[in-house]
Amino acid sequence: MPPIMFSVEEPENFDDRKLLDSYLKRCFYCSHNINEDSAYVYMYSDRAFCTSTCFLRQMRENDTKDFGKAIERLMKKKQHF
């Protein structure tokens, strides 16, 4: 499934602008600044990403970690038998 993209419009009030300045300022994956003039900000969970590449890399890392944790749980269950 392709990522859902939202267009970032100019916030209407100061609180919204403050949130945009802090929350969406840096890419969670690569830490690059997210350009305020950018038409898109890619979101995953509560994290912002500068490009679809960073977005997809983070998703892949999370899937790998989740898979590893699932294997560990299965191995622990197997040891208890």
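- For the protein, the name recorded in an unreviewed UniProt entry is FLZ-type domain-containing protein, with Aristolochia fimbriata as its organism.
- Quoted verbatim from the Sequence similarities (unreviewed entry) field of UniProt, the annotation for the protein is "Belongs to the FLZ family."

1. What about the overall build of the protein?
1) Next: Along the backbone of the protein there are two helices and three strands.
2) Next: Its helices and strands taken in sequence order, the protein reads β-α-β-β-α from the N to the C terminus.
3) Next: Expressed as a percentage of its 81 residues, the buried residues of the protein come to 15%.
4) Next: When the accessible surface of the protein is summed, it comes to about 6,900 Å², and 54% of that surface belongs to carbon and sulfur atoms.

2. Things to note about the pairing of strand β2 (residues 40-44)
1) Next: In this sheet, strand β3 (residues 47-49) lies alongside β2 in antiparallel orientation, the contact comprising three bridges. Bridged to Y42 within β3 is F49.
2) Next: Connecting β2 to the next strand, β3, in antiparallel fashion are two residues, including S45 with a positive phi near 60°.

3. Here we look at the environment of S38
1) Next: As for its placement among the helices and strands, S38 is situated in the loop between α1 (14-23) and β2.
2) Next: On the basis of relative accessible area, S38 is assigned to the partly exposed category, the value being 25%.

4. A look at the packing of aromatic side chains
1) Next: Within the structure shown, the criterion is met by three aromatic pairs.
2) Next: A ring pair is formed by Y44 and F55, whose centres lie 6.0 Å apart and whose planes are at 85°; its orientation type is edge-to-face. Here F55 lies in helix α2 (residues 52-79) and Y44 lies in strand β2, a separation of eleven residues in the sequence.
3) Next: Residue Y44 is classed as partly exposed on the basis of its relative accessible area, which comes to 23%.
4) Next: An aromatic cluster is defined as three or more aromatic residues linked by ring pairs; in this entry it consists of F28, Y44, F49 and F55.

5. Examining the side chain of N62
1) Next: Mapped onto the secondary structure, N62 falls in helix α2.
2) Next: Non-local contacts of N62, meaning those with residues more than four positions away in its chain, are made with Y44 and R47.

6. Some points on unusual backbone geometry
Of all residues except glycine, most have a negative phi; of all peptide bonds, most are trans.
1) Next: Despite not being glycine, S31 has its phi angle at roughly 70°, a positive value.
2) Next: On the secondary structure map, S31 appears in the loop between α1 and β2.
3) Next: Judged by relative accessible area, which is 41%, S31 ranks as partly exposed.

7. What about the pattern of salt bridges?
1) Next: Scanning the entire structure with this criterion turns up one salt bridge.
2) Next: A salt bridge links D46 to R47, with the nearest nitrogen and oxygen atoms 3.9 Å apart.
3) Next: Assessed through its relative accessible area of 27%, R47 is described here as partly exposed.

How each quantity is defined
Residues numbered from 1 in each chain as written. Predicted model: local features only at pLDDT ≥ 70, side-chain atom pairs only at ≥ 80, totals over all residues. Heavy atoms only, no water. UniProt positions renumbered as here; feature names shortened; annotations may be inferred. Helix = DSSP H or I, 4+ residues; strand = E, 2+ residues; numbered from the N terminus. Buried < 20%, exposed > 50% of the residue type's maximum accessible area, 1.4 Å probe, protein only. Areas by Shrake-Rupley, 256 points an atom, 1.4 Å probe, with all protein chains shown as cover. Pairing = 2+ DSSP bridges. Phe/Tyr/Trp six-rings, centres within 6.5 Å; stacked < 30°, edge-to-face > 60°. Contact = heavy atoms within 4.5 Å. Salt bridge = Lys/Arg side-chain N within 4 Å of Asp/Glu carboxyl O.

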